[in-house]
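Okay, here's what each chain looks like letter by letter:
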Amino acid sequence: MTWEAVPRHSRHLAAGVLLGLAAIISGCDRSPGDTVEVKTPVAASTPGLITLSAEESARIGLVVQPASRTDFRTYRDFPAILQPNERAMADITTLVRGRVVDVYADLGQQVEANALLAILYSSDLGLAQSAYLKSRAKLHVAEQAYARAKFLLQEQVIGEAEAQRRQAELLSMQAESHEARDHLKLLGMSDGEFRRLDKSRDIRSHVPIVAPFAGRIIGRNLTRGEVVETTEKLFVVADLSEVWVRANIPEKDIPFVHSIHASGGRQAEVRINAYPRETFKATITYVGDVLDPATRTMQLRLELPNPEGRLKPEMFATIRLFSESQPDRLAVPEAALQRDQNRTFVFVQRNVTEYEVREVHVGESNGTHSTILGGLTEGEPVVTHGAFILKSEFLKKQV
């Protein structure tokens, strides 16, 4: 059969088979040195290395700083509470039982020293003044009787026994007068009141309640008409131009307090919850000598000026105490540290476009910087701003 006699589709199939055989034969005849151009995929980037162009780094605001050594200090924050200065605070009570006649001071009012706060009516005070006047009158009679007895004894009108009897009566009246005077002093009578009573013989049963010093009324516990006892607290007056800050320091953190004394300082930072953007300076005035056996804490007291009266007793606060300085410590900013699962790492700049992921061993932190114990050497350029964006690229690359 001739080639022309073969059907058209059979001729096409045979031509394809012959071309395939020719390709196989030609491949077998190629020498080992001959190469074949094959289009391969682009190789993946190096693991642990992030590549960014200079334009991309500038756009996201990357900041690179060399790791350096510094004098490192850490701190601890302790909860505290504001209280009135107890040296400028007074609980005002009455020394005699009485009924409230008038009240002149209200809660929150600013008062001056010796300002009248209230008036009580006390029958006990009236009776005590009456007893005092009676004793003074009896004393006067006894003094005159003894003076006459001494004269009559000299004139031998009376015997010595009568003179001694009258002397004994005088001594008894003197003791009774002293007792009545002391009783009035216990009830709050002043020397001026005694002079007035001795001169006018006028009994006054009203008891004035006055402020011992200038301050603010922070407590009031009486109303007009009620009967008050000597054990009741009528007013609380406090000078709030300076307040106390009290805290309890756990036993394990006591070295932070001692480090302040070791450095010769007495100042500490105080932050008030009501004013979160402000930092106040307070002076340490008391460090506890013993621990509370139940809580294992030590008392700490600071004095904080309050000239504007913005600080109120019972406000919540925080005391920040710093440790002793640790010289020559390798530290990086907190923003440079990135964490993923149980790893902590930084990004070290290899060149203008490459950043290496470097796992580090971190020590103490003071809120702004952390010490580096391993994985990084001094002077290496570390990304301190924008590291979180590099971390996101790194995690996407791992996925």
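These numbers come from a predicted model, not from an experiment.

A.B. asks: Looking at this model, I keep getting lost on the overall build of the chain. Mind explaining?
C.D. replies: Counting its secondary structure elements, the chain contains seven helices and 24 strands. Counting every position in the chain, which comprises 399 residues, the buried fraction comes to 34%. Residue pairs in contact within the chain that sit at least 24 positions apart in sequence constitute 74% of those at least 6 positions apart. Of the roughly 24,500 Å² of accessible surface on the chain, 53% is carried by carbon and sulfur atoms.

A.B. asks: So what exactly am I meant to see when it comes to the layout of surface pockets here?
C.D. replies: Over the atoms, a rolled probe matching the size of one water molecule traces out where space is still vacant. The calculated volume of the largest pocket comes to roughly 420 Å³. Going through the elements one at a time, helix 3 (123-154) and strand 9 (206-210) are the ones with two or more residues in the lining of the largest pocket. In terms of residue count, the dominant contributor to the lining of the largest pocket is strand 9 (five residues). Looking at the lining of the largest pocket residue by residue, the classes come out as nine nonpolar, six polar and two charged.

A.B. asks: Looking at this structure, I do not really get the nonpolar core. What am I missing?
C.D. replies: Across soluble globular proteins, you tend to see nonpolar side chains buried next to one another. Residues L117, L184, I209 and F235 are the most contacted members of the largest nonpolar core, which totals 28 residues. At the level of elements, strand 6 (98-103), strand 8 (116-121), helix 3, helix 4 (160-186), helix 5 (191-200), strand 9 and strand 12 (235-238) are the ones that each hand at least two residues to this core. Top element by residues in this core is helix 3. It accounts for four residues. In this view, L117 contacts I92, V103, Y104, A105, V111, I209, V210, A211, I217, F235 and V237; residues no more than four positions away in its chain are not counted. Listed in part, the 26 residues of the second largest apolar core include V245, V270, F280 and I319.

A.B. asks: Mind showing me how you'd approach the sheet that holds strand 13 (residues 242-250) here?
C.D. replies: Adjacent strands of a sheet form backbone hydrogen bonds with each other and so pair up, either parallel or antiparallel. Taken in spatial order, the six strands of this closed barrel run 4-13-16-15-14-17, and their pairing is antiparallel. For this sheet, the mean inter-axis angle between neighbouring strands, taken without regard to orientation, is 40°.

A.B. asks: I tried to follow the sheet that holds strand 22 (residues 361-365) on my own but got confused; where do I start?
C.D. replies: On the basis of which strands lie adjacent, the open sheet formed by four strands has the order 3-18-23-22 and antiparallel pairing. A strand with exactly one partner marks an edge of an open sheet, and here the two such strands are strand 3 (68-72) and strand 22. For this sheet the average axis-to-axis angle between neighbouring strands, irrespective of direction, equals 60°. Strand direction decides the pairing type here: strand 22 and strand 23 (residues 369-374), joined by three bridges, are antiparallel. Among the inter-strand pairings, V362 is bridged to a residue of strand 23, identified as I372.

A.B. asks: What is the right way to read the pairing of strand 21 (residues 354-359) from this model?
C.D. replies: Consecutive residues of a regular strand have side chains that alternate between opposite faces of the sheet. Bridge analysis of strand 1 (residues 49-51) against strand 21 gives three bridges, and the strand direction is antiparallel. Within the sheet, the bridge partner assigned to L49 lies in strand 21 and is E356. Relative to strand 21, strand 20 (residues 343-349) is paired through five bridges, and the arrangement is antiparallel. Each residue of the ladder has a partner; that of F347, found in strand 21, is V357. Two successive antiparallel strands, strand 20 and strand 21, enclose a turn made up of four residues.

A.B. asks: Got a minute to help me understand the packing of helix 4 against helix 5 in this structure?
C.D. replies: Between two packed helices, both the angle of their axes relative to each other and the distance between the axes serve to describe the pair. Where helix 4 contacts helix 5, the two axes come as close as 11 Å, and the packing angle between them is 130°. Taken together, helix 4 and helix 5 sit at an angle that is classed as oblique. Taken as a pair, helix 4 and helix 5 cross one another with a handedness that is right-handed. Counting all contacts with helix 4, which are made through R181, L184 and K185, the residues of helix 5 involved are D191, F194, L197 and D198. The residue inventory of the contact of helix 4 with helix 5, partitioned by class, reads three nonpolar, no polar and four charged.

A.B. asks: So what exactly am I meant to see when it comes to the pairing of strand 20 here?
C.D. replies: Burial of strand 20 is extensive: five of the seven residues sit out of reach of the surface. The pairing of strand 19 (residues 338-340) with strand 20 spans three bridges and is antiparallel. Pairing of R339 across the sheet is with T344, part of strand 20. Hairpin connection between strand 19 and strand 20: a loop of two residues separates the two successive antiparallel strands, and Q341 in this loop has a positive phi of roughly 55°.

A.B. asks: Can you walk me through the side chain of T94 in this structure?
C.D. replies: Positionally, T94 belongs in the loop between strand 5 (89-92) and strand 6. Engagement of the side chain of T94 in a polar contact is seen with the backbone oxygen of V96, the distance being 2.8 Å. When residues no more than four places from it in sequence are discounted, the contact partners of T94 are L120, I209, V228, E229, T230 and L234.

A.B. asks: Which parts of the structure should I look at to understand the environment of F72?
C.D. replies: Residue placement: F72 occurs in strand 3. For F72, a relative accessible area of 2% puts it in the buried group. With 253 residues separating them along the chain, F72 and S325 place their C-alpha atoms 5.7 Å apart. Beyond its immediate stretch of four places on either side in the chain, F72 contacts E324, S325, Q326, R329, A331, E364, S365, N366, H369, S370 and T371.

A.B. asks: Hey, could you run me through a nonpolar patch on the surface in this one?
C.D. replies: There is a patch of nonpolar side chains on the surface, built from Y104, L116 and V210 and spanning about 240 Å² of accessible area. Residue class for V210 comes out partly exposed when judged on its relative accessible area of 36%.

A.B. asks: It is not clear to me how the packing of aromatic side chains should be interpreted in this structure. Could you clarify?
C.D. replies: With the rule as written, the count across this model stands at four aromatic pairs. Seen in terms of ring centroids, Y132 and F194 are 5.5 Å apart; in terms of plane orientation they differ by 65°. Their pairing is edge-to-face. Taken together, the residues Y132 in helix 3 and F194 in helix 5 connect sequence positions 62 residues apart. Overall, the relative accessible area of 1% leaves Y132 in the buried class. On the basis of relative accessibility, which here comes to 1%, the residue F194 falls in the buried class. Pairing F345 with F347 gives two aromatic rings, centres 5.7 Å apart and planes at 85°, and the pair type is edge-to-face. Judged by relative accessible area, F345 falls into the buried class, the value being 1%. Cluster of aromatic residues (ring-pair linked, three or more members): F345, F347 and F394. Here the basic side chain of R310 rests over the ring of Y275, its NZ or CZ set 4.5 Å away from the ring centre. Here the basic side chain of R320 rests over the ring of Y75, its NZ or CZ set 3.9 Å away from the ring centre.

Procedures and definitions
- Residues numbered from 1 in each chain as written.
- Predicted model: local features only at pLDDT ≥ 70, side-chain atom pairs only at ≥ 80, totals over all residues.
- Heavy atoms only, no water.
- Helix = DSSP H or I, 4+ residues; strand = E, 2+ residues; numbered from the N terminus.
- Buried < 20%, exposed > 50% of the residue type's maximum accessible area, 1.4 Å probe, protein only.
- Contact = heavy atoms within 4.5 Å.
- Areas by Shrake-Rupley, 256 points an atom, 1.4 Å probe, with all protein chains shown as cover.
- 1 Å grid on protein atoms, 1.4 Å probe; cavity = no way out; pocket = protein on both sides within 12 Å on 5 of 7 lines; lining within 4 Å.
- Points joined across faces, edges and corners; volume = space filled by probe spheres on them.
- Nonpolar A, V, L, I, M, F, W, Y, C, P; charged D, E, K, R; others polar.
- Core = buried A, V, L, I, M, F, W, Y, C linked by side-chain atoms within 4.5 Å.
- Pairing = 2+ DSSP bridges.
- Axes fitted to C-alpha atoms, helices over the stretch in contact; angles between N-to-C directions.
- Parallel < 35°, antiparallel > 145°, perpendicular 65-115°, else oblique.
- Left-handed = near helix turned anticlockwise from the far one by under 90°.
- Polar contact = N/O pair within 3.5 Å; in protein donor to acceptor, adjacent residues only side chain to side chain.
- Patch = residues over 30% accessible without salt bridge, like charges linked within 9 Å, V, L, I, M, F, W, Y side chains within 5 Å.
- Salt bridge = Lys/Arg side-chain N within 4 Å of Asp/Glu carboxyl O.
- Phe/Tyr/Trp six-rings, centres within 6.5 Å; stacked < 30°, edge-to-face > 60°.
- Lys NZ or Arg CZ within 6 Å of the ring centre and 35° of its normal.

Scope: geometric values only; no functional claims are made or implied.
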